[in-house]
Amino acid sequence: MAAPAEDDTITLVTTDDPPVELAVERDKLLDSSVFSDMLSLPKTGDCKARVDVAETAADLEAWIEFLRSGKVEMPDNAGEESLGRKAVTIAKLVDKYGCTISRHLLIA
């Protein structure tokens, strides 16, 4: 799969120390009422789209993986407790960022 074009991504900057930058495809964030409002703003200049968020890279990576696949997946060696923690983390971010379709997928 080809890497998305730079205009097709938004960089989320985490609260980690030092901050981590995670590139996310714009179309994956359209389910979020929070991000879709931001995405509708006109672009200015040649600045890359960057948004500071109040989450760590670990939490955001789990959420982004869910947005991309529609599934909560864990490595084969992870236990049910890890899967449960990951699902709760994803559920909190789905709720925080107002992701309607993702909420239905997570419940199913």
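This text follows the structure it describes.
Presented here is a report on the structure given in the accompanying data block.

## Quick word on the nonpolar core
Step number 1: In terms of nonpolar packing, the biggest core is built from 20 residues, with Leu-12, Phe-35, Leu-60 and Trp-63 touching the most fellow members.
Step number 2: Sorting elements by how many residues they give to this core places helix α3 (residues 57-69) first, with 7 residues.
Step number 3: When near neighbours in sequence (up to four residues on either side) are disregarded, Trp-63 contacts Leu-12, Leu-29, Phe-35, Ile-90, Leu-93, Val-94, Tyr-97 and Cys-99.

## Section: α3
Step number 1: With 13 residues, α3 ought to run about 18 Å at 1.5 Å a step, and its terminal C-alpha atoms sit 18 Å apart, in line with that.
Step number 2: Just beyond α3, the residue with positive phi is Gly-70, at close to 75 degrees.

## With respect to the side chain of Thr-11
Step number 1: Structurally, Thr-11 can be placed in strand β1 (residues 9-13).
Step number 2: Setting aside residues no more than four positions away along its own chain, Thr-11 makes contact with Glu-21, Leu-22, Ala-23, Ala-49, Arg-50 and Val-51.

## Quick look at the pairing of β1
Regular strands place side chains that alternate from one sheet face to the opposite one.
Step number 1: The element β1 is largely enclosed, with a buried count of 5 among its 5 residues.
Step number 2: Sheet analysis places β1 next to strand β2 (residues 21-25), joined by 5 bridges and oriented antiparallel. For Thr-11, the partnering residue across the bridge sits in β2 and is Ala-23.
Step number 3: Note that β1 and strand β3 (residues 50-52) share 3 bridges and pair parallel. Bridge pairing in β3 places Thr-11 opposite Arg-50.

Rules of the game
Residues numbered from 1 in each chain as written. Predicted model: local features only at pLDDT ≥ 70, side-chain atom pairs only at ≥ 80, totals over all residues. Heavy atoms only, no water. Core = buried A, V, L, I, M, F, W, Y, C linked by side-chain atoms within 4.5 Å. Buried < 20%, exposed > 50% of the residue type's maximum accessible area, 1.4 Å probe, protein only. Helix = DSSP H or I, 4+ residues; strand = E, 2+ residues; numbered from the N terminus. Contact = heavy atoms within 4.5 Å. Expected span 1.5 Å × (residues − 1). Pairing = 2+ DSSP bridges.

Shape is all these values report; function is a separate question.
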